[in-house]
Amino acid sequence: MRSFIAGLVIVVGLGLAGITTAYAQETPTTWPTTWTADNGNGTFTNPLFYDEFSDPDMIRVGDDYYLTGTTMHSMPGLPLLHSKDLVNWTFLTYVSPKLDLGPGFRLEDGKGVYGQGIWAPTFRYHDGKYYIFSNVNGQTTQLFTATDPKGPWTHAQMKRSFHDLSVLFDGGKAYIIWGYQGIRMAELNAELSDIVPGTEREIIPHSAGMGEGVHFYKLNGKYYITSAWFDGRMRMPAARADTIWGPYDVNQAISIDEDFGLAEGNRVGGRQPFLRIHPGNPAPNGRMSLHQGGLVQTPEGEWWGFSMMDYNSVGRLTALAPITWKDGWPYFGLPGNLTRNPRTWVKPKTKYKVAPHMPYERSDDFAGATLKPVWQWSHVPVDAKWSLTERPGHLRLHTLSAADFWTARNTLTQRAIGPQSTPTAVLDAAGLKPGDVAGLALTNKPYAWIGVERGDDGLFLVQFNEYTNATTRVKIDATKVWLRAEADFMTEIARFSYSTDGETWLPTGEPFTMAFQLITFQGVRYSLFAYNTRRAEGGYADFDSIDVYEPHPRGLMKPIPYGQSIRLTSWAAPTGLGVTDGKPNRGAPADVAVVDMKLGRAALKFGDAFLTVAADGAVSLKTGKPGTAQSFQWIETPTGELALMSLVTNRFLRIDPQTGAVVADSPGPQSDGKDGVRFTWAPALKVAQKPLYRDPVYDGAADVSIVWDDAQARWTMFYTNRRATVKAPDLKDVAWVHATPIGVATSADGLSWDYSGTAVFPAQCTGTTLWAPEVFRGEDRDGEGYHMWLTIVPGIFNRWGQPGATSRIVHLTSPDLKTWSCAGDVELDIGRIIDAAVIKVGDTYRLWYKDETVGSRIMAADSADMKTWKRVGDTPVSETRGEGPKVFRLAGKYWMVFDAWKGLAVLSSDDATTWVQQDGFILAEPGMNPTDRAKGQHPDVVVSGDRAFIYYFVHQGAEKPEDPHWNQRTVIQVAELKLVDGKLTVDRNADVDALLAPPVR
């Protein structure tokens, strides 16, 4: 199996609770590299699969569980999975290898069946035989039968169609129910081909509150029906009766409002060709709730429920829930918190020992005799036009005529997997003929792809975004190309890049916005495609491999910090779980020890006392041995924040946003985060770590700019994300400092920083290489909230000063530090300016920058509106050459530090115009810490109260001197600046308690 994850950029979550680099989770070599719900500690985390598995239906036969679900237009269809414990599943077979019911199923005659294939199957076992009934648009209900779940399966068609049906075998007869809101029922004939005449009737009226997607059971002598209500506030209604024909009582919700705290994401509206993507709505409106599903009982007598959730653009996913019976109703959830489903809970009891595993291998080197089960074709394939044997070790797709990707036949797909994943496909385009296009797509509506197109004048790397209709085209000489899509299903942004050597990656095209839609009734799919745009059968595309990388293949993004002391900070607040006068309260986060209570549970110890929950949800501190009252299930929201569920109330700990009271009475985290349930945690550090921060992807963090995020109540660090892991044969090659994204990290206190992915900027005003972010928080009259000045280099260059390696500074604005808009270039009629630093001096904005046309010295410019800039004279600030200036106020003066490449120059001024440079350079001598043994470079300074902290980067050649490439790696360090006899000094070896207080506005 090939792996192509070197130099990989992953966007992590919403930046709410990323990976703390000092505690990054190490995945054991035996652990699956793809998402598994099994946490390995006796618990599981939903979803069962982080790829689409919609309209699930499940049965148990003896000790064996079987599961199937909707596959729509994908072939083969109806995957059949097997499990011994309800958590770990194994792929058995596809029940429907090919469903060819006309030209639309083959994408012929201008027709297609996107979103209209096999859906809402019902799965049953009776008298030694397995049955799957399924809907197909425009067709009658399809029936598949087998005596062995592995197959072979026999396919037949019933006489009529039954919308969202379910079947129950009872008393020697078979009954079928179907419908939306109004539920109908009939007896089936012995052949199961049609209903018995005269038996059809309505058993539940339209007004009763039932939905669709019914599941029909006989439990404990009574008849139960579960259904799905999706209009407005989603829920799972249920009905029950003493006799099969009723009358039925309806319970409006045995499951409602459970979305695990995931906010509604982007939604597609309108009709083709006028599709519109509507931004997500974080309000807790019930549109994300678990709904369609059913029930199963284990051999040990436990009851469990399964249901699906519209999990935004990754698709509709399946979750598992404990069932609590009350008043004769099977409620999803735990006692004290019925209708709500814990995202993490104890696995079902079983006598079998099952290792964590998942149904599919996602990466593929195409060395097998058949395609791996993870693959499905979009529509019925043309079998003569693809091969695994024409070129062994490759998937060959012969190109067929198509107007565009949407109508292309023989597109091979697999479900995208969350929360983030990156497919990298290796394509040999030598066999393409003029008009051929082949590549890697994100199949959705709208869709996007990256690929290679052969024109009359050669090969072109092309990236296409259907939503914006934007095409990026670059001439290439290589025939072997690596194609990559970085997909983050928490931010719903995907970005494309390519390489011609598997090492140096070039971003291309604009960020692609992914969205949930009901055109295909599927989530995003990773797809390999090839077609010809000239109405001909062209050549062929050879795919060498695909590698699907997942940064978070387990239920926790950060492992539980057992045995450690941490601080719990409320999400989007500067305060957290504190202690005053022996009582828990809202305040400065107190140090708390995390005690292992087994099964993914923790007790929280403040000094000698434990956080304790009473039956009414009241929270106090008590001494003694911890037990149930002190135990919390440690659960993460989908975006990575911590939620603590008390084992006394089965409800969640929260800090009341209005009163500040600490209670354990919440049914679950709200999607908008305004309920005080979410926490972020960080080690309870007294002093800053060394290094303070290390980028977990490229290991090349540099040029930091730190700003307070008002909305999230966290510090945010933007930094140049140098691709330090790239190893060019020529050590003088500087391509690794090009094609650099801007990394993002966040912190509640300034001591512990969480990686939060990379920033997304508009393609139209930025470019391939991004350097030296400078972030400025404007006052109200400055508008737009936050401003960033970013250095743009047009491309990738192998040598400093190479012809064409110009640079410019672009101004961007943002209301939230996430969504950025172009605000124009800094126009100074100079072709080589980099490294902006901006502050406000009176009513004027002043910008300092490195001007390479005056010998790489620091110059200044003024603006009244941040749009039109004018140079402040022709004299540099200092005769010392350098870059990366930073200007700040401290002790009544303006101060500037900049990187002089032999340490940092320090200057002071009374007016920010006339500067006096102090003797010598700070951070010029290496430090004593193993990661601080080189000069400090390109600083930022944060003034907190009357203290100032300097953040700088350090090359890491001393860390591994035997590797000549290791010096490319850089880390961020922090030290305190001190004013001694009118001069700024710094002791880089001293411990620094760099706790940053939120700025006072």
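Residues numbered from 1 in each chain as written. Predicted model: local features only at pLDDT ≥ 70, side-chain atom pairs only at ≥ 80, totals over all residues. Heavy atoms only, no water.

The chain goes by Putative beta-xylosidase in an unreviewed UniProt entry, where it is assigned to Asticcacaulis biprosthecium C19. Recorded under Sequence similarities (unreviewed entry), the UniProt text for the chain is reproduced unchanged: "Belongs to the glycosyl hydrolase 43 family." (UniProt positions renumbered as here; feature names shortened; annotations may be inferred.)

*Asks:* Just to check I follow, could you spell out the overall build of the chain for this structure?
*Replies:* Scanning the chain for helices and strands turns up zero helices and 74 strands. Radius of gyration (C-alpha) of the chain: 30 Å, near the 30 Å computed for a compact globule of 1001 residues. The principal-axis extent of the C-alpha atoms belonging to the chain is close to 100 × 80 × 50 Å. Partitioning the intrachain contacts of the chain with sequence separation of at least 6 by distance along the chain shows that 59% fall at a separation of at least 24. Within the structure as shown, the chain displays about 35,500 Å² of accessible surface, and the carbon and sulfur contribution to it stands at 50%. Side chains of the chain carry 98 positive and 111 negative charges; the gap between the two charge centres is 2 Å. (Helix = DSSP H or I, 4+ residues; strand = E, 2+ residues; numbered from the N terminus. Rg over C-alpha atoms; globule rule 2.2 N^0.38 Å. Contact = heavy atoms within 4.5 Å. Areas by Shrake-Rupley, 256 points an atom, 1.4 Å probe, with all protein chains shown as cover. Lys, Arg positive; Asp, Glu negative; His and termini not counted. Charge placed at Lys NZ, Arg CZ, Asp CG, Glu CD.)

*Asks:* Please explain the pairing of strand β25 (residues 329–334) as it appears in this structure.
*Replies:* On a regular strand, one side chain projects to one face of the sheet and the next to the other, so that they alternate. Among the six residues of β25, six are classified as buried, and the element is accordingly described as predominantly covered. Sheet topology places strand β24 (residues 316–326) next to β25; four bridges connect them, and they run antiparallel. Directly across from Thr 324, in β25, lies its bridge partner Tyr 331. Linking two consecutive strands that pair antiparallel, namely β24 and β25, is a turn of two residues; a positive phi of about 55° is found at Asp 327 within it. Relative to strand β26 (residues 337–338), β25 is paired through two bridges, and the arrangement is antiparallel. Within β26, the residue paired with Gly 333 across the bridge is Leu 338. (Buried < 20%, exposed > 50% of the residue type's maximum accessible area, 1.4 Å probe, protein only. Pairing = 2+ DSSP bridges.)

*Asks:* Got a minute to help me understand the domain arrangement of the chain in this structure?
*Replies:* You'll often see interface size given as the accessible area lost when the parts meet. For the chain, the domain assignment lists domain 1 (47–256 + 289–346), domain 2 (375–549), domain 3 (564–683) and domain 4 (693–986). Between domain 1 and domain 3, the residue contacts involve 12 residues of the former and 16 residues of the latter. Across the contact surface, domain 1 and domain 3 share zero salt bridges. If you look at where domain 1 meets domain 3, you find six residue pairs in polar contact (both at pLDDT 80 or more). Tallying contributions element by element places strand β27 (residues 344–346) first for the side of domain 1 that touches domain 3, with three residues. Taken together, the residues of the side of domain 1 that touches domain 3 sort by class into seven nonpolar, three polar and two charged. (Domains from an automatic or database assignment. Salt bridge = Lys/Arg side-chain N within 4 Å of Asp/Glu carboxyl O. Polar contact = N/O pair within 3.5 Å; in protein donor to acceptor, adjacent residues only side chain to side chain. Nonpolar A, V, L, I, M, F, W, Y, C, P; charged D, E, K, R; others polar.)

*Asks:* What's the story with unusual backbone geometry in this structure? I'm lost.
*Replies:* Backbone torsion omega between Gly 151 and Pro 152 reads 5°, so that peptide bond is classified as cis. As for its position among the elements, Pro 152 is in the loop between β10 (142–146) and β11 (154–157). For the peptide bond that leads from Lys 690 to Pro 691, omega is 0°, which places it in the cis range. Its place among the elements puts Pro 691 in the loop between β54 (679–683) and β55 (701–709). The backbone of Leu 192 shows a phi angle near 60°, a positive value even though the residue is not glycine. Structurally, Leu 192 can be placed in the loop between β14 (183–188) and β15 (201–204). The buried category is assigned to Leu 192, whose relative accessible area is 7%.

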